[in-house]
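Survey of secondary and tertiary structure
As a plain string of letters, each chain reads:
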Protein chains: 2
Amino acid sequence: MVTYQLKKSPGVPLYEALYRCLRADILAGTLSPGQKLPSKRALAQHLEVSKITVETAYNQLLSEGYIRSQEKVGYFVESVERQAVPSPARVSPPEPQPSWLLDLTGSGTEQFPFSVWTRLQREVILDYGEKLLLPLPNQGVAELRSAIARHLTDFRGMQVDPENILIGAGTDFLYNLLMQLLGRDKVYAVEEPGYGKIRKIYAAGGVRCVSAPMDDQGVLPGPLGGADVLHCSPSHHFPTGLVTPVGRRLALLDWAGAKKWIIEDDYDSEFRFDAHPMPAMQSLDRQGRVIYMNTFSKTLAPSIRISYMVLPPALMARFRQELGFYSCTVASFEQYTLARFLSRGYFEKHINRMRKFYRSRRNALVSLLETCPFAERLTILEQDAGLHFLLKVDTDRSDQEMRALLASAGIRVHTLSEYYHDSREDRHCLVVNYAGIREEEVAEALNRLENIM
Amino acid sequence: MVTYQLKKSPGVPLYEALYRCLRADILAGTLSPGQKLPSKRALAQHLEVSKITVETAYNQLLSEGYIRSQEKVGYFVESVERQAVPSPARVSPPEPQPSWLLDLTGSGTEQFPFSVWTRLQREVILDYGEKLLLPLPNQGVAELRSAIARHLTDFRGMQVDPENILIGAGTDFLYNLLMQLLGRDKVYAVEEPGYGKIRKIYAAGGVRCVSAPMDDQGVLPGPLGGADVLHCSPSHHFPTGLVTPVGRRLALLDWAGAKKWIIEDDYDSEFRFDAHPMPAMQSLDRQGRVIYMNTFSKTLAPSIRISYMVLPPALMARFRQELGFYSCTVASFEQYTLARFLSRGYFEKHINRMRKFYRSRRNALVSLLETCPFAERLTILEQDAGLHFLLKVDTDRSDQEMRALLASAGIRVHTLSEYYHDSREDRHCLVVNYAGIREEEVAEALNRLENIM
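Our subject in this report is the structure included herewith. (Residues numbered from 1 in each chain as written. Chains lettered and ligands numbered in written order. Predicted model: local features only at pLDDT ≥ 70, side-chain atom pairs only at ≥ 80, totals over all residues. Heavy atoms only, no water.)

1. Quick look at the sheet that holds strand β4 (residues 165–168) of chain B
All names here are of chain B. To keep it simple, the criterion reads: One requirement defines pairing of two strands: DSSP has to find at least two bridges between them. Helix numbers and strand numbers start at the N terminus; a helix is a DSSP run of H or I with at least 4 residues, a strand a run of E with at least 2. We call two residues in contact when some of their heavy atoms are within 4.5 Å. Between N-to-C directions, angles cover 0 to 180 degrees, with each direction set by a line fitted to C-alpha atoms, over the stretch in contact for helices.
Taken together, 8 strands build an open sheet; the order of strands is β4-β11-β10-β9-β8-β5-β6-β7 and the sheet is mixed. Of all strands in the sheet, those bounded by a partner on one side alone are β4 and β7 (218–219). Two strands pair when backbone bridges link them, and β4 and strand β11 (residues 307–310) are joined in this way by 4 bridges, in the antiparallel orientation. The residue of β11 that forms the bridge with I165 is V310. The strands touched by helix α5 (residues 142–156) are β4, β10 (290–295) and β11; relative to β4, the strand with the most contacts, the crossing angle is about 110 degrees. Of the strands in this sheet, β4, β5 (187–192), β8 (229–232), β9 (261–265), β10 and β11 are in contact with helix α6 (residues 171–182), which crosses β10 at around 165 degrees.

Printed below as a string of structure tokens:
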């Protein structure tokens, strides 16, 4: 008869322990197919457990198909033998990141109004209560969509109907949704140079992606011939910092005409330093071809996963018709909290504070660069916008050599040439993200560079 | 000279008002291309505003490309005239849902441990502080992945390495990710009958989708020949409630062999009423072909958007290699809160309470059905699992007539035939979701039906 040492262990009842032993033996073939199991009473006596313990274990095996019962005869092993299940192979965790003296590729979070945010979270819980648990409208909750529409009017001069706003957990997700909405048979043009992740997302989404060449005003409409969709960031291009003037914006709208689409990625338009941010292309669009897109992950914190897009009315109708089965991807708690954060003016205050903060960070960096021993070999290229600038370096070194040299000094930085997809030409230009830096790190980094530049 | 009534209004500075007037005139063609604008001083005197107001407005127009300046000559309108931007067309909000006496299609949320959840939220904020703002690992935070792995071991008997877990904002999102990971050229088999949304998601994702016919044990391996991926829910099939016995599970694993994939959708395995939930196919998988998937939206609340999948190690390696650029879609706050909810045992308690709660709800419903005047025409088909059962009705009416009849009595219910994709045959079977119902509603509904059944 089968014999097991059934130990009492916390959380595992005896019947469960017996069930596991029997199952393992059946899967391993120790109990062979067709074999009759001992009667419940006999096994209970043999193992010194109660009959109900054996009965529960047998019933579990029965319901899962490991054994079958034949009335008035007994229980028989089913034909399910297998080798023992091996313990799962390990995947190693992702490589830890090396630590840098100065990281010019990151973003900053230190100014986030943490106490306001958490206070609003508590308020939302008290005010909404169990309403927070209800299924979400798939476009996002009405309160947040209204708050975003008002914000876009006040801050960006846009006329937006909250019904045309779609909330999603990050722009990656929204790009994927757009490919389904606009069509996978379409050709998507992305800026060259540009933010490489966009191209990766389109490639992973299985659509054809082409380069949209740029001049000093932004994307050129001429070479866009074969594309159906243009993905661009006219308010502040990454990595060049270019701001597309209104004439070029209108030319691109002409290109779109009544049949093509423009995805306007407005991801850091809030951080324009001189006057107001440049009005969005969406405001100039008379034919309903511009999809406006923005995110709070950049302006608040990367761990807050809330992005949104404003669809032209016809496209929103198509979304409801064809993709309305999708559930919203952002939790209700976060949506209501952000709605209050916007509608009570905290977001605007935060942006203003951040703008000043980044401005002074930028100025400190610039004056360190202007007074460093190799200052005459550096030129800053910028257009008063965003959280980065280009730093042109007068050097004979290749961009790859320059990156290696800087890395050896503990400085992490990307070169402009890395953002080109079709060309590997050296550009002798660094892309300096200064949102996450500290002055003393910069000073020390420049010291280290003095001897090797 | 241009004349505007510049009114002071809250939130709109004078220069902004002037800028908007000028911009509108330029876009409308009232100020024509090449036309010289008045000097800053002249316009300031004319409008009785300060020179700095005009200067700021001009600078804004300049930086946006509406005007250009010629040194020592003045400002000129650029060639950007357009018709005025029309106010955006309205999309009507989605149709409001009719209100039903009894809705047998919904889910319930009323037992959610709201106070525990919000207490944990506060704790997380206090304990983690600004760490909550840091960029998230794209698989999800380690704490939550560990807590899920432990939960799967304790509750589902699964051996899971937290490194193989991927967190996402809902299963819709994860299915889309899987199509990119497994390949869009693959053929995906979905259960027939089955949950229609799955098929819609695969269709929207642009992959070929075929039906996987079922018998009374679940999906049949034989007809799966042409498929590369099987999407199934062996623990509790929707809508039939079928539980696939272990023999069939092993046969499906044999079908998968070393080249095909099985997506095991385990979405409501927690709500098994008799013994423990049936072990997952993932536990029987020796060749790394099963992708296990589950969600907390079903067990906690639909507004909590946290789902996950357990990938075989080789597939996780492929994710990191090919799709590692994607950002995580769930906010850090929610991830840490859920991690504590799981690791402190609240989730298990919640599930146990829910199971009892739903059990008594089911029993109340069943006894009302068994004692109603047309009880002899009703047969309940179920397998002690999940939050719904099938109700076979002895009737000559078509399913469509039956639905219309029930709707006229204020009862919202789906028929089994709606879940078939390839056949419109009447099944005379109702799919009764009882998670969200109340006893008095059922009693009243049965009263109404007495005369029309």
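Having seen the structure, we can now continue with the description.
2. Observations concerning the packing of aromatic side chains
Ring pairs (aromatic) are described by centroid distance and by the angle formed between their planes. Selection criterion: Paired rings are identified among Phe, Tyr and Trp, the last through its six-membered ring, by centres lying within 6.5 Å, and are further divided according to the angle between planes into stacked (under 30 degrees), edge-to-face (over 60) and tilted (the rest).
This model, assessed by the stated rule, comprises 35 aromatic pairs over all chains. An angle of 65 degrees between the planes, with centres 5.4 Å apart, marks the rings of W117(A) and F341(A) as edge-to-face. Taken as a pair, W117(A) in helix α4 (residues 114–128) and F341(A) in helix α11 (residues 332–343) lie far apart in primary sequence, 224 residues in all. Between Y195(B) and F238(B), the aromatic rings sit 5.8 Å apart at their centres with planes inclined by 80 degrees, giving edge-to-face as the arrangement. Pair noted here: Y195(B) is in the loop between β5 and α7 (196–204) and F238(B) is in the loop between β8 and α8 (246–256), with a separation of 43 residues, a long-range link.

3. Section: the environment of L126(B)
All names here are of chain B. Convention followed: Remark: exposure states derive from per-residue accessible area (1.4 Å probe, protein chains only) relative to the maximum for the residue type, with buried under 20%, exposed over 50%, and partly exposed in between.
Among the secondary structure elements, L126 is positioned in helix α4 (residues 114–128). Taking the relative accessible area as the measure of exposure, L126 reaches 72% and is therefore exposed. Note: C-alpha distance between L126 and T371 (245 residues apart in sequence) is 54 Å.

4. What to know about the side chain of R340(B)
Residue and element names in this part refer to chain B. The criterion, for reference: Counting of polar contacts relies on pairs of N or O atoms within 3.5 Å, with two restrictions inside protein: one atom must be capable of donating a hydrogen and the other of accepting it, and residues adjacent in sequence are counted only when both atoms are side-chain atoms.
Within the element layout of this structure, R340 appears in helix α11 (residues 332–343). Within the local environment of R340, its side chain forms a polar contact with the side chain of E123, the two groups lying 2.9 Å apart. Ignoring anything within four residues of it in the chain, the contact list for R340 reads L120, E123, V124, D127, Y128 and Y346.

5. Section: the sheet that holds strand β10 (residues 290–295) of chain A
Residues and elements named next belong to chain A. Spatially, β4-β11-β10-β9-β8-β5-β6-β7 is the arrangement adopted by the 8 strands of the open sheet, whose pairing is mixed. Where the open sheet ends on each side, the last strands, each with one partner, are β4 (165–168) and β7 (218–219). Alignment of strand β8 (residues 229–232) against strand β9 (residues 261–265), held across 4 bridges, turns out to be parallel. The partner of C232 across the bridge, within β9, is E264. In the packing of helix α8 (residues 246–256) onto the sheet, contacts are made with β6 (208–215), β7, β8, β9 and β10, and the angle to β9 comes to roughly 145 degrees.

6. Notes on the environment of N59(B)
Residue placement: N59(B) occurs in helix α3 (residues 51–64). Along the primary structure N59(B) and G74(B) are separated by 15 residues, whereas in three dimensions their C-alpha atoms are 12 Å apart.

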